[in-house]
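Spelled out from the first residue to the last, the chains are:
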Amino acid sequence: MSCINIIEKERSAIINPMKTCQPLGAMYAVTGINRAVPLVHGSQGCSSFVRYSLSRHFREPSEIAVTSLHEDAAVFGGRRNLVEGIQNVAIRLKPSLIGVITTCSSEIIGDDIIGFIGTAKKELNEKLGQDKAEKIKIVPISTPSFVETQLKGYDNAIKALADHVAEPGEPNEKVNIIPGMVNPGDVREIKHILNLMDTEGIILTDISDPFDSPLRPSATQYKPYYPKGGTTVEEITDSANSLGTISLCKYAGSGALSLEKKYNVPVELGPIPIGIQNTDQLLRNLKKITGTDIPDSILDERGLLIDSMADLSGRYLHGRTVGIYGDPEITAGMARFVGELGMEPKMVITGSKSPEFIKDIEKVGKETGVEIDTMVDQDLRTMEVYLQENPVDLLIGSSDARLIAKEQNIPLVRVGFPVFDRVGYHRKPIVGYNGGLHLIDLITNTVLENYYENEHWKLQQ
Amino acid sequence: MEPVIETFESRKKHMCVKGDGLSIPVCDKASLPGTVTQRTCVFGGARIVLMPITDSIHLVHGPVGCASCTWDIRGSKSSRDDLYKKGCSTDLREKDIVFGGEKKLFETVVELKNLYNPGAIFVYATCVSGVIGDDIKAVCKKAEESTGCRVIPVQSEGFQDHNKTKGHWIGCDALLDNVIGTKEPEETTPYDINIVGEFNVAGDLWGIKPLLEEIGVNIVATMTGDSYVEEIAQSHRVKLNIVQCQKSSNYLAKKMEKKYGIPSLKVNFFGLEQTVASLRDIADFFGDEEMIDRTEKIIERGLAEVQDDIKEYKKRLDGKTVALYVGGNKAWSLVRAFEELGMDVMMSGTKNGIREDYERIKEVVRDGTIIVDDANSTELARLLKKYRPNLLISGAKEKYISLKLGVPFCDFNHDRISAFAGFKGFISFAKEVDASVSSPVFDLTQKTLRED
């Protein structure tokens with residue numbers, strides 16, 4: 001018997017989207033580079049609404065420049081805007097890298113981005129002198145908004161970095177990690193794991209500090225303002241010389257594959273290390289690439305998570321039904337983890353269309369023995385209708401379904417992007433064994449609040 | 001003369017100091033490509049005006065991003081339907097770009113009508129639908145005939161202009177061309193009015209509406225906060241339009257005056273003085289003695305209710321400085337409200353100002369106030385660093401720039417959760433301003449462990 005039922009979208013309309021467009025993913029990726037500026041080649045709304053979304057989620061500034069395309073550009077092309085835009089960014093902000101991110105309009109009008117960048121570089125050479133001009137990397141990132149979702153845009157950005165910045169040199173004994181579109185807390189947890197494994201990593205790219213940076217006005221008096229941290233351009237250049245690349249996001253493997261093809265850097269794709277088995281897999285992959293044995297310190301962390309699972313899962317979580325929605329990677333990872341907790345992932349739904357995702361959920365279905373209704377290429381309206389007929393005990397996903405959850409009286413554990421109606425989520429990990437601990441606390445406390453009587457404290461023991 | 005801040009040569013004249021020769025900045029120009037502009041697109045401008053219509057579906061014809069980054073971001077409250085909170089998109093894909101999206105748009109409209117039976121379906125054009133040349137008007141017409149539901153085209157291609165004000169006008173035009181005047185009211189009274197340019201952000205309308213009802217006017221439609229399409233359809237028979245957000249909606253009032261002969265009054269319910277003046281202006285307009293008496297009583301009562309509650313806040317806010325950097329109307333309409341709290345507006349600026357907006361700012365601010373146009377994020381940061389106001393009033397994109405520099409911030413945009421309009425609104429306003437300015441956190445941000 002099949003363990004999943006796949007339900008495809010039957011409507012033309014999108015009602016309450018569960019995905020967004022490619023440029024957002026690319027802007028997110030470029031923000032993770034030290035002193036880099038994302039430059040969006042499109043209308044002002046393409047940058048301002050994304051900046052708004054990112055700021056709302058991370059509670060941080062989001063500095064994204066735009067070429068401000070207007071009607072004349074739509075007719076005559078965006079050459080002038082892009083060349084001038086690159087110059088203005090370069091001269092004023094003296095960045096390490098400019099990521100030129102296309103949009104639907106610049107893709108459709110057929111702007112020759114590579115050609116325009118060439119012109120801009122020539123002019124910069126004259127204005128800044130060759131030495132200074134060449135220090136600024138300019139990377140074209142093609143992100144047509146009408147193809148796939150934000151994860152594809154993220155993937156395209158990482159691939160562009162691998163193709164345009166990485167350069168062969170001496171072997172460096174490091175491991176490249178492509179984290180996917182996760183939170184600062186997640187990237188910090190990944191770095192923590194690398195540290196325990198005594199392995200140096202190159203994070204492609206590291207948003208942990210740029211999207212969670214300290215308030216120190218005295219330090220920001222230096223101009224121009226760049227947030228602390230991020231992967232340096234030198235590190236990205238050096239990524240061609242690493243021992244291997246692990247992409248924690250299966251949907252963002254093109255950069256890794258490109259490094260493998262060009263520079264023989266071996267690749268491991270996914271899974272996102274949410275829960276025990278997926279994190280185990282990350283450690284096995286690290287061991288395979290570096291040859292480093294897994295240290296006791298990590299086994300202790302794993303033991304702490306399993307201890308907590310033993311404490312809580314049988315008592316409060318077992319058999320509780322869960323609905324999970326959001327990005328395919330995180331959703332699949334969460335489904336597996338709730339399965340490990342003895343909960344039943346009855347409904348898993350994503351805005352993307354992906355055979356990889358279906359395979360992942362099939363695996364979870366087999367492991368848990370739960371018949372999972374899996375919905376791909378969907379929106380939140382589909383979920384809303386589904387839940388009316390098939391209620392679950394708990395929902396896991398972004399803030400976007402908060403009203404649906406409230407209306408249907410289903411407690412919601414906020415995970416994914418965007419989360420704007422709760423605080424602190426972006427600082428804490430959901431990946432790794434520590435992420436598991438955080439998640440199990442979140443989930444169990446939500447269950448306690450909603451399914452146990454507060455006055456009967458003994459029930460809660 | 002020392003420049004206001006260091007910036008590009010071409011940007012210098014976009015900033016000035018009142019009384020210092022140039023009192024109105026250069027404005028209404030395209031932003032420099034390659035800056036982190038705080039502006040948005042024409043599509044955004046149109047959406048802002050129309051999105052608060054509560055019984056309608058707002059369908060974005062374009063790739064999914066235009067809808068997914070903008071649904072349910074308008075903090076407009078509703079006392080009735082919540083259809084306006086849905087994020088709807090035709091989700092144009094590669095094949096639609098090649099073969100056109102008209103068929104998909106038609107199907108989508110029909111689906112949405114069948115699912116929700118809304119008061120209207122507003123169809124917004126985006127950059128993509130503009131570039132591929134979809135005839136939105138024709139599809140809307142066909143869909144309207146086929147479904148019997150109002151299907152209203154909004155020609156809001158994002159790249160049309162550098163100024164989102166054009167988007168406001170396009171939103172207003174959609175109402176003028178397709179809604180206003182399409183239904184005759186069953187009854188009219190001599191005191192019928194519309195509230196124009198009030199979007200009920202955080203429930204502002206509900207601070208104004210009871211006052212107006214008490215003075216004896218009859219509100220036919222609000223454009224567009226907490227409204228129904230059918231109300232707006234009957235709005236052409238009123239005796240007066242009062243205009244709250246003059247930035248977005250003067251255009252609408254002027255056109256209604258031309259087309260239907262409806263006079264308009266500029267009103268402002270932010271701040272006590274302005275609230276009082278607005279109520280008096282409305283009563284004076286009707287010239288009814290009883291109404292004028294009633295109004296004076298309402299004013300007396302309203303002021304009395306407020307005074308005690310704001311004393312504490314005023315004490316703490318006295319002499320503090322504030323910088324305004326907002327979308328438009330608030331750049332002048334809030335100035336007096338801050339002065340009533342004892343604060344000093346040291347800077348005012350807008351992202352999308354046109355000349356008449358800066359004329360109004362210039363009228364209300366004192367000499368020495370910095371006036372800025374379209375300051376990008378680098379310039380904004382430099383202004384904050386150099387002049388260090390005790391408070392910045394702006395929106396979500398500016399919020400964290402300000403806080404990172406240790407400058408207290410108060411939201412006066414879509415994200416606001418407290419109503420600030422009218423007498424009671426002024427108490428919430430004072431309270432929130434005080435909570436930001438007087439937070440002890442901002443003493444800590446200025447201290448350092450090291451002597452550096």
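Report follows, based on the coordinates. (Residues numbered from 1 in each chain as written. Chains lettered and ligands numbered in written order. Predicted model: local features only at pLDDT ≥ 70, side-chain atom pairs only at ≥ 80, totals over all residues. Heavy atoms only, no water.)

On the chain B side, the residues contacting the 65 residues of chain A number 71 residues. Broken down residue by residue, the surface that chain A buries against chain B is led by Phe49, Tyr52 and Arg92 of chain A, which jointly contribute 13%. Inspection of the region where chain A meets chain B yields three salt bridges. In this structure, aspartate 72 of chain B engages arginine 402 of chain A in a salt bridge whose closest nitrogen and oxygen atoms are separated by 3.1 Å. Elements represented by at least two residues in the side of chain A that touches chain B include exactly strand S2 (14-15), helix H2 (44-58), strand S4 (65-66), helix H3 (71-76), helix H4 (79-93), helix H5 (104-108), helix H16 (380-389) and helix H17 (402-407) of chain A. Ranked by the residues each element gives to the side of chain A that touches chain B, the list is headed by H2 of chain A, at ten residues. (Contact = heavy atoms within 4.5 Å. Buried area = accessible area lost by both parts, 1.4 Å probe. Salt bridge = Lys/Arg side-chain N within 4 Å of Asp/Glu carboxyl O. Helix = DSSP H or I, 4+ residues; strand = E, 2+ residues; numbered from the N terminus.)

On to the pattern of salt bridges. Residue and element names in this part refer to chain A. What the rule picks out here adds up to 54 salt bridges over all chains. Arginine 80 serves as the salt-bridge partner of glutamate 84, at 2.6 Å between the closest nitrogen and oxygen. Within this pair, glutamate 84 and its partner arginine 80 are both found in helix H4, separated by four residues, close to a single helical turn. Between aspartate 280 and arginine 302 there is a salt bridge, and its shortest N-O distance comes to 2.7 Å. Taken as a pair, aspartate 280 in helix H12 (residues 275-290) and arginine 302 in helix H13 (residues 296-317) lie far apart in primary sequence, 22 residues in all.

Time to look at the pairing of strand S6 (residues 137-141) of chain A. Residue and element names in this part refer to chain A. The element S6 is extensively covered by neighbouring structure, given that four of its five residues are classed as buried. Across five bridges, strand S5 (residues 97-102) lies against S6 in parallel orientation. In the sheet register, leucine 97 faces S6, and the bridge partner there is lysine 137. (Buried < 20%, exposed > 50% of the residue type's maximum accessible area, 1.4 Å probe, protein only. Pairing = 2+ DSSP bridges.)

Residues and elements named next belong to chain B. With respect to topology, six strands assemble into an open sheet ordered S1-S12-S11-S10-S13-S14, the strand pairing being mixed. Two strands lie at the open edges of the sheet, namely strand S1 (15-17) and strand S14 (409-411), each paired on one side alone. Direction aside, neighbouring strands of the sheet carry axes that sit 20° apart on average. One ladder, built from two bridges, connects strand S10 (residues 321-326) with strand S13 (residues 392-394); its direction is parallel. Within the sheet, the bridge partner assigned to leucine 324 lies in S13 and is isoleucine 393. Contacting strand S11 (344-350) and strand S12 (370-373), helix H15 (residues 355-364) runs over the sheet at an angle of about 165° to S12. Packing against the sheet, helix H17 (residues 396-404) makes contact with S10, S13 and S14, and its axis sits at approximately 170° to S14. (Axes fitted to C-alpha atoms, helices over the stretch in contact; angles between N-to-C directions.)

Turning our attention to the packing of aromatic side chains. Using the criterion set out here, one finds 15 aromatic pairs over all chains in the structure. For the ring pair tyrosine 28 of chain A and phenylalanine 211 of chain A, a centre distance of 6.1 Å and an interplane angle of 35° mean the geometry is tilted. With tyrosine 28 of chain A in helix H1 (residues 22-31) and phenylalanine 211 of chain A in the loop between strand S8 (200-203) and helix H10 (233-238), this residue pair connects regions lying 183 residues apart in the sequence. Of the two residues, tyrosine 28 of chain A and phenylalanine 211 of chain A, both sit in the buried class. Summarising the aromatic geometry, the rings of phenylalanine 412 of chain B and phenylalanine 429 of chain B are spaced 6.1 Å apart at their centres and angled 65° between planes, so their arrangement reads as edge-to-face. Note that phenylalanine 412 of chain B is positioned in the loop between S14 and helix H18 (422-437) and phenylalanine 429 of chain B in helix H18, a separation of 17 residues in sequence. Judged by its relative accessible area of 1%, phenylalanine 412 of chain B is buried. Under the relative-accessibility criterion, phenylalanine 429 of chain B is labelled buried at 2%. Sitting above the plane of the tyrosine 124 of chain B ring, arginine 47 of chain B keeps its charged end 5.7 Å from the centroid. (Phe/Tyr/Trp six-rings, centres within 6.5 Å; stacked < 30°, edge-to-face > 60°. Lys NZ or Arg CZ within 6 Å of the ring centre and 35° of its normal.)

Along the chain, the position of aspartate 72 of chain B falls in the loop between helix H2 (64-68) and strand S3 (88-89). Since its relative accessible area comes to 16%, aspartate 72 of chain B is described here as buried. A polar side-chain atom of aspartate 72 of chain B sits 3.1 Å from a polar atom in the side chain of arginine 402 of chain A. Side chain to side chain, aspartate 72 of chain B and lysine 85 of chain B meet in a polar contact 3.4 Å long. Once residues within four sequence positions are removed from consideration, aspartate 72 of chain B is found in contact with Arg402 and Leu403 of chain A together with Lys85 of chain B. (Polar contact = N/O pair within 3.5 Å; in protein donor to acceptor, adjacent residues only side chain to side chain.)

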